[in-house]
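Descriptive analysis of the structure
One-letter residues, chain by chain:
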Amino acid sequence: ADADGHIMLVFDGLVPKRKIEDYSYWAKVVPGDTSKTLWTEYHSFDDLPKSIDPPSGFNQNTNEPPWTSTFPQLDRTKYPAYMSQPGLQMPSFRTIRSLRMLTQSDKFTYEQMLADKFSTEMEMADAVVPDLLKAAKDSNDPGVLEAAKILNNWDHRTEADSRGAVLFQAFADKYFGYVGDINPKLRVKYDPEHPLESGYGLADASGALKTLAAAASECKAKYGSADVEWGQVYRFVSGPADVPGNGAGNRMGVFRTIQFGDKRDDRQYASHGETFVCAIEFGPAQKAECSLSYGNASEHNSPHLEDQLPLMEMKQLHPVWRERKDIEAHLESRETF
């Protein structure tokens, strides 16, 4: 961005000029004994995909190919097929969540930007829970009815005290799986021309109800209840600290992206996600706040292993001390050589 209000997002990398354009060819192991796979030049900066002052007024990226960075989407046919992966039939729910939040207001304050950054609302739940609840109305299965009641009372967020989120996560893991394209399992298929008005519902509502009942039974067996709090199961840990977590994975469409993959005693601990977060507002009085979620200490006996974990738990950032007076006011120790 510049001071005159122009914005640009560029797919900025060293992309070789290749003789074979098929992306899927280069996504696999390729033979190294033929000149067909030999490249000698990079694409210039001018060749790279860009979004400059788009009609939407924003650019965004959520670890997806550049095509979904703004509205309207970039035309991938204008670039060699190997430039970047084409993506799945639909982008991740995290990308859709990002686009939705950005289009909810014409202007953003610094505070609203942070609120969206730490949002734990689950886009996947917004997309499929209504169909689950509608189908459950015709069910006579006590397990389905109990689970539907829990989901009906849930606000689709993954805060530490959220009840219903653990149940829905168990359902989604079983119904959609952990990898692959979920578009075929949705009632309304994703339309790239209308990304916020498509990609929702359940193609097999009866099958989804069976999965929901199984997920509820699993939660009861593991945690004693199907409406267990999110933070009881999903945790943050650093050093000796072990605290209730919030947020969820990219696949679930939570912008507070935390992947919980370290399983211990039926609890799941954050394995990657929000590691470094920094928000900066440029102006006459610059505002900057950051957090290094799991700290920067590498020694096992360091007293600072859990310093910033409370910020992560409370979804807060730490002020950046840039002026000498601020730095000296917060010194832990001083050494003179």
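Residues numbered from 1 in each chain as written. Predicted model: local features only at pLDDT ≥ 70, side-chain atom pairs only at ≥ 80, totals over all residues. Heavy atoms only, no water.

Things to note about the state of the cysteines
Here is the rule: Criterion for a disulfide: a pair of cysteine sulfur atoms at a distance within 2.5 Å. Comment: elements are numbered from the N terminus, with helices defined as DSSP H or I runs of at least four residues and strands as E runs of at least two. Exposure is judged per residue with a 1.4 Å probe applied to protein chains only, and the accessible area is read against the type maximum: over 50% gives exposed, under 20% gives buried, and values in between give partly exposed.
This structure, assessed with the given rule, holds one disulfide. Across the disulfide from Cys-278 sits Cys-290; the S-S distance is 2.0 Å. Of this pair, Cys-278 sits in strand β7 (residues 276-281) while Cys-290 is found in strand β8 (residues 287-292), placing the two residues twelve residues apart along the sequence. The class for Cys-278 is partly exposed, based on a relative accessible area of 35%.

Quick notes on the packing of aromatic side chains
Stated precisely, the cut-off is as follows: Here a pair means two rings of Phe, Tyr or Trp (six-membered ring of Trp) with centres within 6.5 Å. Their orientation is stacked below 30 degrees between planes, edge-to-face above 60, and tilted elsewhere. A ring has a charge above it when a Lys NZ or an Arg CZ is no more than 6 Å from the ring centre and no more than 35 degrees off the ring normal.
In total, this model carries 13 aromatic pairs according to the counting rule given. Taking 6.5 Å as the distance between ring centres and 80° as the angle between the ring planes, the aromatic pair formed by Phe-171 and Phe-176 counts as edge-to-face. Residues Phe-171 and Phe-176 agree in their burial class; the two are buried. Through pairs of rings, three or more aromatic residues link up here, namely Trp-154, Phe-168, Phe-171, Tyr-175 and Phe-176. Here the guanidinium or amino end of Lys-185 rests over the ring plane of Tyr-175, the centre of that ring lying 5.3 Å away.

Observations concerning the confidence of the model for the protein
Defined as follows: A score between 0 and 100, pLDDT records how confident the predictor is in each residue.
Scored by pLDDT, the protein comes out at a mean of 93, with 99% of its residues at no less than 70. Within the protein, no element has a lower average pLDDT than strand β5 (residues 258-264), which sits at 89, and none a higher one than helix α4 (residues 123-136), at 98.

Structural notes on the side chain of Ser-198
Defined as follows: We call two N or O atoms a polar contact when they sit within 3.5 Å, provided that within protein one can donate a hydrogen and the other can accept it, with sequence-adjacent residues counted only if both atoms are side-chain atoms. The contact definition used throughout considers only heavy atoms, calling two residues in contact when any of these lie within 4.5 Å.
Tracing the backbone through its elements, the reader meets Ser-198 in the loop between α6 (165-175) and α7 (205-223). Within the local environment of Ser-198, its side chain forms a polar contact with the backbone nitrogen of Asp-191, the two atoms lying 2.8 Å apart. Within the structure, Ser-198 has its side chain in polar contact with the backbone oxygen of His-194 (distance 2.8 Å). Those residues in contact with Ser-198 that sit more than four places away from it in its chain are Val-188, Lys-189, Tyr-190 and Asp-191.

Focus: the sheet that holds β7
Spelled out, the test is: Pairing between two strands requires that DSSP report at least two bridges joining them. With axes taken as lines fitted to C-alpha atoms, and helix axes fitted only over the stretch in contact, angles between N-to-C directions fall between 0 and 180 degrees.
Strands sit in the order β7-β8-β9 across an open sheet of three strands; the sheet is antiparallel. Only two strands of the sheet have a single neighbouring strand rather than two, namely β7 and β9 (318-319). The pairing of β8 with β9 spans two bridges and is antiparallel. Looking at β9, one finds that Glu-289 is bridged to Pro-319. Along the sheet, helix α3 (residues 110-117) contacts β7 and β8; its crossing angle with β7, the most-contacted strand, is approximately 165°.

What to know about the pattern of salt bridges
Where we set the bar: When a carboxyl oxygen of Asp or Glu lies within 4 Å of a side-chain nitrogen of Lys or Arg, that pair is called a salt bridge.
Scanning all chains against the criterion turns up 17 salt bridges. Here Glu-159 ties to Lys-315 by a salt bridge, and the two come within 2.7 Å at their closest N and O atoms. Here Lys-315 lies in the loop between α9 (309-314) and β9 and Glu-159 lies in the loop between α5 (142-152) and α6, a separation of 156 residues in the sequence. Given the relative accessible area of 22%, Lys-315 is considered partly exposed.

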